[in-house]
Amino acid sequence: MLAANHSYYTVENLSAEAALQELLDGNQRYALDHVEHPHEGSQRRVDLSVAQHPFAIILGCADSRVVPELIFDQGVGDLFVLRVAGNVADEAVLASIEFAVEHLGTRLVVVLGHERCGAVMAAINHAFSEGKLNSLISYIEPAIKAGREANGDCVVSDTVKAHVHLMVKQIQSTEPILSHEVKNSSLKVVPAYYRLATGKVEFL
Ligand SMILES: [Zn+2]
């Protein structure tokens, strides 16, 4: 039902549950090569020129293979996308999520990790540099410890998933705005994992 009409959430924000279903439906279309490319074109631009009501916030990796609008088969104005290597929730990302929740009314955040994430592999391999990469890796290190404690080893996919879970907790516990919305059940933050070859998103 939700996939049949893509225009209704331009007027009012979707609930977290309806937003999640929309993402699931869109990802299924993408994985099966049945994409609809909704919400593109001149009329859509005109409709959105006054206001935006993205139905989901996606915190994803900057990896060129993980493009949220494509893998969820969504269009202009549908997703509030934050992309940074290793999908880390740093201060700027948390502030951006607050903005979308407070001012745009978005009710769902998806933290989207992915298979063979280069940032996570760099963190595991201690591939430190003299540049800015170290500060990014510091956000991923707690997941490496969590992965080692769970497995006694450092499997990349497990570390990516542990990292996604930790970023979800970070977002949920960020005071005062996000933690308050989560406690009120007016914001949902969910972990997800993307597989490169199949194009499928697994909600964890
Ligand atoms: Zn990545």
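Data block above holds the structure.
A brief structural summary.

### Overview of the coordination of the zinc ion
Reference geometry at the metal: tetrahedral coordination by four donors gives ideal angles of 109.5 degrees; octahedral coordination by six donors gives 90 or 180 degrees. At the metal site, the zinc ion is ligated by Cys-61 (SG), His-114 (NE2) and Cys-117 (SG), and these contacts range over 2.1 to 2.3 Å. Counting along the primary sequence, the residues that act as donors to the zinc ion give the motif C-x52-H-x2-C. On the criterion of sequence distance, the pair formed by Cys-61 in the loop between β1 (56-60) and α3 (68-71) and His-114 in strand β3 (residues 108-114) is long-range, its members being 53 residues apart. Across the pair, His-114 and Cys-61 agree in class, each one buried.

### Some thoughts on the side chain of Asp-73
Structurally, the position occupied by Asp-73 is in the loop between α3 and β2 (79-83). Judged by relative accessible area, which is 2%, Asp-73 ranks as buried. Reaching out from Asp-73, the side chain makes a polar contact with the backbone nitrogen of Glu-36 at a distance of 2.7 Å. Excluding residues within four positions of it along the chain, Asp-73 makes contact with Gly-26, Arg-29, Val-35, Glu-36, His-37 and Pro-38.

The rules behind these values
- Residues numbered from 1 in each chain as written.
- Predicted model: local features only at pLDDT ≥ 70, side-chain atom pairs only at ≥ 80, totals over all residues.
- Heavy atoms only, no water.
- Donors = N, O, S within 2.8 Å, 3.2 Å for Na, K, Ca; no water.
- Helix = DSSP H or I, 4+ residues; strand = E, 2+ residues; numbered from the N terminus.
- Buried < 20%, exposed > 50% of the residue type's maximum accessible area, 1.4 Å probe, protein only.
- Polar contact = N/O pair within 3.5 Å; in protein donor to acceptor, adjacent residues only side chain to side chain.
- Contact = heavy atoms within 4.5 Å.

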